[in-house]
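For reference, the chains in residue letters:
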Amino acid sequence: MSEIDSASYRVGTQPYYRPVGNEVDLYTAAYAARMPIMLKGPTGCGKSRFVEYMAWKLERPLITVACNEDMTAADLVGRFLLDIHGTTWRDGPLTLAARMGAICYLDEVVEARQDTVVVIHSLTDHRRTLPLEKKGEVVEAHPDFQVVISYNPGYQSLTKDLKPSTRQRFGAMVFDFPTPDIETEIVAHEAAVDSTTATKLVEVAQRSRNLRGHGLDEGISTRLLVYAGRLIAMGIPPADACRTALVRPLTDDPDMQDTLDAAVDTFFG
């Protein structure tokens, strides 16, 4: 792949990312060692933003794949397609990343079928190769290539989990929601709201996270807080913004909605 080809996959401007620990240094070292990395943490806590930020910082192309249960190995690796010139091979995102030396980010990897995920095995051990059986080719991964996967451990089940043979190819970094002061800083920056409003939004989120396992599968994410803040910044009344961006997306249970609405009213009523 030429530099012109890879340029379109580079992160052009610096994404906003607020470090909460030594995760930047850890990832930088892991990338230098070309260690495949697994990011674990709740929805909306910053995993994808972190990968985007690190791709920008390391000046590497980034190819992101949103995994789902209908995704096949061919969707990752590639397939032959018919066009006006006949049959043409089209690389999938994994193959493309391996050729150009990109970071290939498989988001919510446990959503993919296990027989699909195993195609990354040969790229995440000492071989660093990708056999294209239908094409009769073995792709040698570019020296700069790296695989990063992410998932939410809170949604694990026997049918949606990684095989030990997959897990043990990766180093793991655990993410969680930031501490309230850092999360307030993030929300204020990303939503362009004052610190008082951001603090109140974070307080609402804290209330919801305390209900995890007691009627909620997961609490309000930092991402949703930013959505609510942006609505407020556009002039929407704070209580309405919170119900639209925080409460209604989180649950359909009327009693739980009432509980969360009461939390909203405590801070924005």
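My aim in this report is to walk through the structure given alongside it, one point at a time. Every value quoted in this text rests on a predicted model; they were computed, and no experiment measured them.

**Quick notes on the pairing of strand β4 (residues 86-91)**
Consecutive side chains of a regular strand alternate in pointing toward one face of the sheet and then the other. Note that strand β3 (residues 78-83) and β4 share six bridges and pair antiparallel. Residue pairing for β4: Leu81 is matched across the bridge by Thr88. Hairpin connection between β3 and β4: a loop of two residues separates the two successive antiparallel strands.

**Regarding empty space enclosed by the protein**
As enumerated under the stated definition, the model contains one cavity of 30 Å³ or more in all. One number sums up the size of the largest cavity: a volume of about 40 Å³. Residue lining of the largest cavity: Val109, Val110, Ala112, Gln114, Val117, Val118, Asp161, Leu162, Lys163 and Thr166, and that is the complete set.

**Brief notes about the layout of surface pockets**
Each pocket or cavity is described by its volume, and for the largest pocket that value is around 500 Å³. What lines the largest pocket is a set of 24 residues, among which Gly44, Cys45, Gly46, Arg49 and Arg223 lie closest to the centre. At the level of elements, α3 (47-58), β5 (103-107), α8 (180-191) and α10 (222-233) are the ones that each hand at least two residues to the lining of the largest pocket. In terms of residue count, the dominant contributor to the lining of the largest pocket is α10 (five residues). Across the lining of the largest pocket, the residue classes tally to 10 nonpolar, five polar and nine charged. One number sums up the size of the second largest pocket: a volume of about 260 Å³. Lining the second largest pocket are 14 residues, and of these Val77, Val119, Pro131, Leu132 and Glu133 sit closest to its centre. For the lining of the second largest pocket, the elements supplying multiple residues, two or more each, are α4 (73-77) and β6 (129-132).

**Re the packing of aromatic side chains**
A complete count under the given rule lists six aromatic pairs for this structure. On the numbers, 5.1 Å between centres and 55° between planes, the contact of Phe50 with Phe175 is tilted. Residue Phe50 is found in helix α3, and its partner Phe175 is found in the loop between β9 (171-174) and α8; the two are separated by 125 residues along the sequence. On the basis of relative accessibility, which here comes to 8%, the residue Phe175 falls in the buried class. Taken together, the ring pairs connect Tyr17, Tyr27, Phe50, Tyr53, Trp56 and Phe175 into an aromatic cluster.

**With respect to the pattern of salt bridges**
Counting across every chain of the model gives 16 salt bridges. Between Asp125 and Arg127 there is a salt bridge; the shortest N-O distance is 2.7 Å. For the salt bridge of Arg169 with Asp125, the shortest nitrogen-to-oxygen distance reads 3.3 Å. Here Arg169 is found in the loop between α7 (164-167) and β9, whereas its partner Asp125 is found in the loop between α6 (114-117) and β6, with 44 residues between them in sequence. What makes Arg169 partly exposed here is its relative accessible area of 22%. Here the salt bridges share partners, and the residues they tie into one network are Asp91, Arg99, Lys135 and Glu137.

Definitions and limits used
Residues numbered from 1 in each chain as written. Predicted model: local features only at pLDDT ≥ 70, side-chain atom pairs only at ≥ 80, totals over all residues. Heavy atoms only, no water. Pairing = 2+ DSSP bridges. Helix = DSSP H or I, 4+ residues; strand = E, 2+ residues; numbered from the N terminus. 1 Å grid on protein atoms, 1.4 Å probe; cavity = no way out; pocket = protein on both sides within 12 Å on 5 of 7 lines; lining within 4 Å. Points joined across faces, edges and corners; volume = space filled by probe spheres on them. Nonpolar A, V, L, I, M, F, W, Y, C, P; charged D, E, K, R; others polar. Phe/Tyr/Trp six-rings, centres within 6.5 Å; stacked < 30°, edge-to-face > 60°. Buried < 20%, exposed > 50% of the residue type's maximum accessible area, 1.4 Å probe, protein only. Salt bridge = Lys/Arg side-chain N within 4 Å of Asp/Glu carboxyl O.

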